[in-house]
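An overview of the molecular structure
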Amino acid sequence: MNPRLDLLQPYPFERLRALFAGVTPDAAKAPISLSIGEPKHRTPKLVLHALAAGGAGLANYPMTAGAPALREAIASWLVRRHGLRTLDPATQVLPTLGSREALFGFAQAIVDASRPNATVVVPNPFYQIYEGAALLAGAQPYYVNADPSRGFAPDWSSVPANVWAHAQLVYVCSPDNPTGRVASIDEWRQLFDLSDRYGFTIAADECYSEIYFDEAKPTLSALTAAARSGRDDFRRLVAFGSLSKRSNAPGLRSGYVAGDAALVKRFLLYRTYHGSAMSPAVAAASIAAWGDEEHVVENRRKYAQKFATLQPRVASVLECPLPDAAFYLWARTPGDDTTFARELYAEENVLVLPGSFIAREAHGTNPGRNRVRIALVAEPDECSEGISRLVDFARRRR
């Protein structure tokens, strides 16, 4: 067996099940999950119809590179959405099976474990795939803590020069899970300058990019930041996106990687052997989804309404800023986050995720400690009921 498997930590939801072991919630209260970031709004009919119509393509093996029509659909959407001058669908775009497998596989293709002190830099808290990808690629993660005084932005300038010197890959999540922070163009330019100086690659996880609350203020993509900084070749930069959140289709497993043509070419080589080819039916549904914005605007409207109504209610009892984007509230608990989550479940049958489960002890602190992640993904009535119970519980803890 690969000994690196022993380096992996339990996934947050495994830890959540262990935390709740032996707890019997109040059976009179219907269970409500605010813990997992799985979209619950309905998948658009246009996606379902295209998926069914694409079934005829199942008679053929799909290409790892993806159908040209799909790459063109993704490239066209990226250009429209992010204001890019151009993006070559043949060399700068690659369809993926969602963003999760691509974020993991990218590290396996990029990291050279034979180099001394191979390092992957990750934000903290973080999506645990970053850490697992680094470890299984033979690198050590270096955690950069979110700073509440900086709007939860990681302080990249705090990373020592000797760490940057060994860094091969940097994961950046924007909008961020769990804080909802969106990286500014100044932050991206700082990372581009560091990449030029030290030679590392930047993997921009943008799976939440289409969940924001003001149609006049769309989120900033790393690709846009690069283009505005005179980096139209997107050197040492790739962005990852997905239809899971944008189109409420997590089961479709459809996403993309886009950016530096040289990196995309090498990643395609890796994926050819890995066997990551998208079903023709999924490709047909994806083309339909990337080509339509009406359902995305409606999806955002529902999230914006929920956050406008529910964030102030949570903020009345727990410190809880309105995020820039994504569908999480990052709330401070009055004491230990695991105790808060366990007792909330026991008394109210409501699930939230302890913040310490999605962060690591680094530089003398766990930046997720004494916070919980609240996912407002369910339909409005269910979210409202869950928040009402959470607020009542928190008030009793005062």
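Up top you'll find the structure we're talking about.
A few points on the structure.

Let's talk about the overall build of the protein chain
- Scanning the protein chain from N- to C-terminus turns up 14 helices and 13 strands.
- Against the compact-globule benchmark of 21 Å for 398 residues, the protein chain has a radius of gyration of 21 Å, which places it among compact chains.
- Taken over 398 residues, the protein chain has a buried fraction of 55%.
- When the accessible surface of the protein chain is summed, it comes to about 16200 Å², and 53% of that surface belongs to carbon and sulfur atoms.
- When the 44 basic and 41 acidic side-chain charges of the protein chain are each reduced to a single mean position, those positions are 1 Å apart.

Re the sheet that holds strand S6 (residues 167-173)
- Strand order in the open sheet formed by eight strands is S2-S9-S8-S7-S6-S3-S4-S5, and the pairing between neighbours is mixed. The sheet is open, and its two edges are formed by strand S2 (93-96) and strand S5 (153-154), each paired on a single side.
- Strand direction decides the pairing type here: S6 and strand S7 (residues 201-205), joined by five bridges, are parallel. Across the sheet, Leu-169 pairs through a bridge with Thr-201, a residue of S7.
- This element, helix H5 (residues 128-136), spans strand S3 (119-124), strand S4 (140-147), S6 and S7 of the sheet and lies at about 155° to S4.
- Running over the sheet, helix H7 (residues 185-198) touches S5, S6, S7 and strand S8 (237-242) and is turned about 150° from S7.

Concerning the sheet that holds strand S10 (residues 328-332)
- What the three strands build is an open sheet, ordered S10-S13-S12; its pairing is antiparallel. The strands lining the two open edges of the sheet, one partner per strand, are S10 and strand S12 (353-354).
- For S10 and strand S13 (residues 371-375), the ladder comprises five bridges, and the chain directions are antiparallel. Its bridge partner lying in S13, Arg-332 is registered against Arg-371.
- Strands S10 and S13 of the sheet are contacted by helix H12 (residues 294-315), whose axis makes an angle of about 10° with S10.

A word on the pairing of S7
- Burial runs high along S7: five of the five residues are buried.
- Burial of S7 is two-sided: the residues Thr-201, Ala-203 and Asp-205 facing one way and the residues Ile-202 and Ala-204 facing the other way are all buried.
- Two strands pair when backbone bridges link them, and S7 and S8 are joined in this way by four bridges, in the parallel orientation. Across the sheet, residue Asp-205 finds its bridge partner in S8, namely Phe-240.

Things to note about the nonpolar core
- Core analysis: the largest hydrophobic core is formed by 48 residues, its most contacted members being Leu-78, Val-121, Trp-156, Trp-164 and Trp-188.
- It is helix H3 (residues 68-82) that contributes the most residues to this core, six residues altogether.
- With 46 residues, the next largest nonpolar core counts Leu-19, Ile-211, Leu-329 and Leu-353 among its residues.

Some words on the environment of Ile-185
- Along the chain, Ile-185 falls in helix H7.
- The spacing of Ile-185 and Leu-243 is 58 residues in sequence and 24 Å in space, taken between C-alpha atoms.
- In contact with Ile-185, not counting residues within four places along its chain, are Leu-220, Ala-225 and Arg-228.

Overview of H12
- Between the first and last C-alpha of H12 there are 31 Å, a value that for 22 residues agrees with the 32 Å anticipated at 1.5 Å per step.
- Within H12, the axis deviates most sharply at Phe-307, by approximately 25°.
- At its buried positions, H12 is contacted by helix H2 (45-53), helix H9 (243-246), helix H11 (280-290), S10, S13 and helix H14 (380-396).

Some words on the packing of helix H13 (residues 337-348) against H14
- Axis separation between H13 and H14 bottoms out at 10 Å; the angle between their running directions is 115°. Pair H13 / H14 crosses with right-handed handedness. Contact residues: H13 offers Phe-340, Glu-343, Leu-344, Glu-347 and Glu-348, while H14 offers Arg-389, Leu-390, Phe-393, Ala-394 and Arg-396.
- Here the contact of H13 with H14 is built from residues that sort into five nonpolar, no polar and five charged.

Describing H11
- All buried positions along H11 are accounted for by Ala-281, Val-282, Ala-283, Ala-285, Ser-286, Ala-289 and Trp-290.
- Measuring from the backbone nitrogen of Ala-281 back to the side-chain oxygen at the start of H11 gives 3.2 Å, which picks out Ser-279 as the cap.

Some thoughts on the environment of Val-79
- Looking at where Val-79 falls in the secondary structure, it is placed in helix H3.
- Its relative accessible area of 25% is what places Val-79 among the partly exposed residues.
- Each C-alpha atom, one on Val-79 and one on Pro-31, is 42 Å from the other, the two residues being 48 residues apart in sequence.
- Sequence-distant contacts of Val-79, defined by excluding residues within four places in its chain, comprise Leu-84, Thr-86 and Leu-87.

What about the pattern of salt bridges?
- Inspection of every chain in the model, using the stated rule, returns 23 salt bridges.
- In this structure, Arg-332 engages Glu-319 in a salt bridge whose closest nitrogen and oxygen atoms are separated by 3.6 Å. Placement of the pair is Arg-332 in strand S10 and Glu-319 in the loop between H12 and S10, with a sequence separation of 13 residues.
- Accessibility expressed as a relative area gives 46% for Glu-319, which makes it partly exposed.
- Salt-bridge contacts for Glu-343 lead to Arg-397; the nearest nitrogen and oxygen are separated by 3.1 Å. Here Glu-343 is found in helix H13, whereas its partner Arg-397 is found in the segment after H14, with 54 residues between them in sequence.
- Classification of Glu-343 by relative accessible area gives partly exposed; the value is 30%.
- Connected through salt bridges with shared partners, the residues Lys-29, Glu-343, Glu-347, Glu-348, Arg-396 and Arg-397 form a single ionic network.

About the criteria used
- Residues numbered from 1 in each chain as written.
- Predicted model: local features only at pLDDT ≥ 70, side-chain atom pairs only at ≥ 80, totals over all residues.
- Heavy atoms only, no water.
- Helix = DSSP H or I, 4+ residues; strand = E, 2+ residues; numbered from the N terminus.
- Rg over C-alpha atoms; globule rule 2.2 N^0.38 Å.
- Buried < 20%, exposed > 50% of the residue type's maximum accessible area, 1.4 Å probe, protein only.
- Areas by Shrake-Rupley, 256 points an atom, 1.4 Å probe, with all protein chains shown as cover.
- Lys, Arg positive; Asp, Glu negative; His and termini not counted.
- Charge placed at Lys NZ, Arg CZ, Asp CG, Glu CD.
- Pairing = 2+ DSSP bridges.
- Contact = heavy atoms within 4.5 Å.
- Axes fitted to C-alpha atoms, helices over the stretch in contact; angles between N-to-C directions.
- Core = buried A, V, L, I, M, F, W, Y, C linked by side-chain atoms within 4.5 Å.
- Expected span 1.5 Å × (residues − 1).
- Bend = angle between axes of the 7 residues up to and from the residue.
- Left-handed = near helix turned anticlockwise from the far one by under 90°.
- Nonpolar A, V, L, I, M, F, W, Y, C, P; charged D, E, K, R; others polar.
- Polar contact = N/O pair within 3.5 Å; in protein donor to acceptor, adjacent residues only side chain to side chain.
- Salt bridge = Lys/Arg side-chain N within 4 Å of Asp/Glu carboxyl O.

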